[in-house]
Amino acid sequence: MYARRRRSYFILMGACLTLFVTAWAVVRLWSVAAAIAMCVVAAAIPPVAAIVANRRGPEDRWWDESGDPESDRWWRELDRHGRG
């Protein structure tokens, strides 16, 4: 779960960096307007990447990140009673 979110974040940020570098190293030679448009798109990617990286799944215990064995045992017991 965490690896998939981390991979998605790095792919999005890699695309962002690629757009910025390509816009001003290559595309500006032919069209400054296209380079600016590429930078506008690239500027919108980091907030999306942060949202993707911080999104939690329904199975993630975001409220109990202590790693305490006693707490983990307590949560497992609660889950057993809640199911039924």
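To start, this report covers the structure provided alongside it. Worth saying up front: this structure is predicted, and the values here are computed from it rather than measured.

### Observations regarding the state of the cysteines
Any covalent bond linking the sulfur atoms of two cysteines counts as a disulfide. Applying the stated criterion across every chain yields a total of zero disulfides. The thiol of Cys39 is unpaired, and the distance to the nearest cysteine sulfur, on Cys16, comes to 8.9 Å. Since its relative accessible area comes to 12%, Cys39 is described here as buried.

### Some thoughts on the environment of Ala49
Assignment of secondary structure puts Ala49 in helix α2 (residues 32-54). Residue class for Ala49 comes out buried when judged on its relative accessible area of 0%. Considering only alpha carbons, one finds Ala49 and Met13, 36 residues apart in sequence, at a separation of 6.8 Å.

### Some thoughts on the packing of aromatic side chains
Under the defined criterion, the tally for this structure stands at one aromatic pair. With a centroid separation of 5.5 Å and an interplanar angle of 70°, the aromatic rings of Tyr9 and Phe10 are classed as edge-to-face. Given a relative accessible area of 29%, Tyr9 falls into the partly exposed group.

### Overview of α2
Within an α-helix, residues lying three or four positions from one another point in the same direction, as the helix has 3.6 residues per turn. Spanning 23 residues, α2 covers 34 Å between terminal C-alpha atoms, matching the ideal 33 Å at 1.5 Å per step. Residues of α2 that are buried include every one of Ala35, Met38, Cys39, Ala42, Ile45, Ala49 and Val52, and no others. Those residues of α2 that are buried are in contact with α1 (2-25).

About the cut-offs
- Residues numbered from 1 in each chain as written.
- Predicted model: local features only at pLDDT ≥ 70, side-chain atom pairs only at ≥ 80, totals over all residues.
- Heavy atoms only, no water.
- Disulfide = S-S within 2.5 Å.
- Buried < 20%, exposed > 50% of the residue type's maximum accessible area, 1.4 Å probe, protein only.
- Helix = DSSP H or I, 4+ residues; strand = E, 2+ residues; numbered from the N terminus.
- Phe/Tyr/Trp six-rings, centres within 6.5 Å; stacked < 30°, edge-to-face > 60°.
- Expected span 1.5 Å × (residues − 1).
- Contact = heavy atoms within 4.5 Å.

Shape is all these values report; function is a separate question.
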